[in-house]
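Structural description and commentary
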Amino acid sequence: MQIVRTVVWVLLLAALLVFSAFNWTPVEVKIWQGMVLETKIPALVIVSFLLGLLPMWLLHQGSKWRLNRRISSLETAHRTAVANAAAAPPPAARESRDTPAATAAGGDVPAADRGGPGKPPL
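If you're wondering where the values come from, they're calculated on a predicted model, not measured in any experiment.

**Details of the side chain of threonine 39**
Position of threonine 39 relative to the elements: it lies in strand β2 (residues 36-40). The buried category is assigned to threonine 39, whose relative accessible area is 18%. Apart from residues no more than four positions distant in its own chain, threonine 39 is found in contact with Thr25, Pro26, Val27, Val29 and Leu44.

Structure below.
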């Protein structure tokens, strides 16, 4: 993934250099009524790109930080639960309700599950 990101940035830089070489002309940008800024087109393009990129990059970094904190919190909770489960004694083995003696005598098994002639009891 890192190589793809590097290739994209290199291509973007190459396109900017080619654009700058062919458009190195001064332009006037009217900011307010009495304020005019004279600059080169590539400088205007770079500043515009950074003004669009910076807020989205900051939003991405904030989301990444928040999600990493959440992942760390969940991993810590999981490690604590596993450690507590390992430290707790195993639960006592429960006796099955369907022991062979209870089934043969018709003890706790409902009448519908006892089976009939030709049917084995469940």
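**Let's talk about the pattern of salt bridges**
Enumeration over the complete set of coordinates arrives at one salt bridge. For glutamate 75, the salt bridge identified is with arginine 79, shortest N-O distance 3.9 Å. Pair noted here: glutamate 75 and arginine 79 are both in helix α2 (residues 41-87), with a separation of four residues, about one helical turn. Judged by its relative accessible area of 41%, glutamate 75 falls in the partly exposed class. Residue classification places arginine 79 among the exposed residues on the basis of a relative accessible area of 53%.

**Examining the packing of aromatic side chains**
Considering all chains together, one arrives at one aromatic pair under this definition. For the pair tryptophan 9 and phenylalanine 49, a centre-to-centre distance of 6.4 Å together with 80° between the ring planes defines the contact as edge-to-face. With tryptophan 9 in helix α1 (residues 2-22) and phenylalanine 49 in helix α2, this pair connects stretches of sequence that are 40 residues apart. By relative accessible area, phenylalanine 49 is classed as partly exposed at 36%.

**With respect to the pairing of β2**
Bridge analysis of strand β1 (residues 26-30) against β2 gives five bridges, and the strand direction is antiparallel. Each residue of the ladder has a partner; that of glutamate 28, found in β2, is glutamate 38. Counting the residues between successive antiparallel strands, the hairpin from β1 to β2 contains five residues.

**Quick notes on α2**
When the terminal C-alpha atoms of α2 are compared, their 68 Å separation across 47 residues agrees well with the 69 Å that a helix rising 1.5 Å per residue should span. Of all the bends in α2, the greatest reaches close to 25° and is centred on leucine 53; the proline proline 55 follows between one and four positions later.

**A look at the environment of leucine 16**
As for its position among the elements, leucine 16 is in helix α1. Assessed through its relative accessible area of 26%, leucine 16 is described here as partly exposed. Setting aside residues up to four positions removed in sequence, leucine 16 forms contacts with Val45 and Ile46.

Thresholds, definitions, all that
- Residues numbered from 1 in each chain as written.
- Predicted model: local features only at pLDDT ≥ 70, side-chain atom pairs only at ≥ 80, totals over all residues.
- Heavy atoms only, no water.
- Helix = DSSP H or I, 4+ residues; strand = E, 2+ residues; numbered from the N terminus.
- Buried < 20%, exposed > 50% of the residue type's maximum accessible area, 1.4 Å probe, protein only.
- Contact = heavy atoms within 4.5 Å.
- Salt bridge = Lys/Arg side-chain N within 4 Å of Asp/Glu carboxyl O.
- Phe/Tyr/Trp six-rings, centres within 6.5 Å; stacked < 30°, edge-to-face > 60°.
- Pairing = 2+ DSSP bridges.
- Expected span 1.5 Å × (residues − 1).
- Bend = angle between axes of the 7 residues up to and from the residue.

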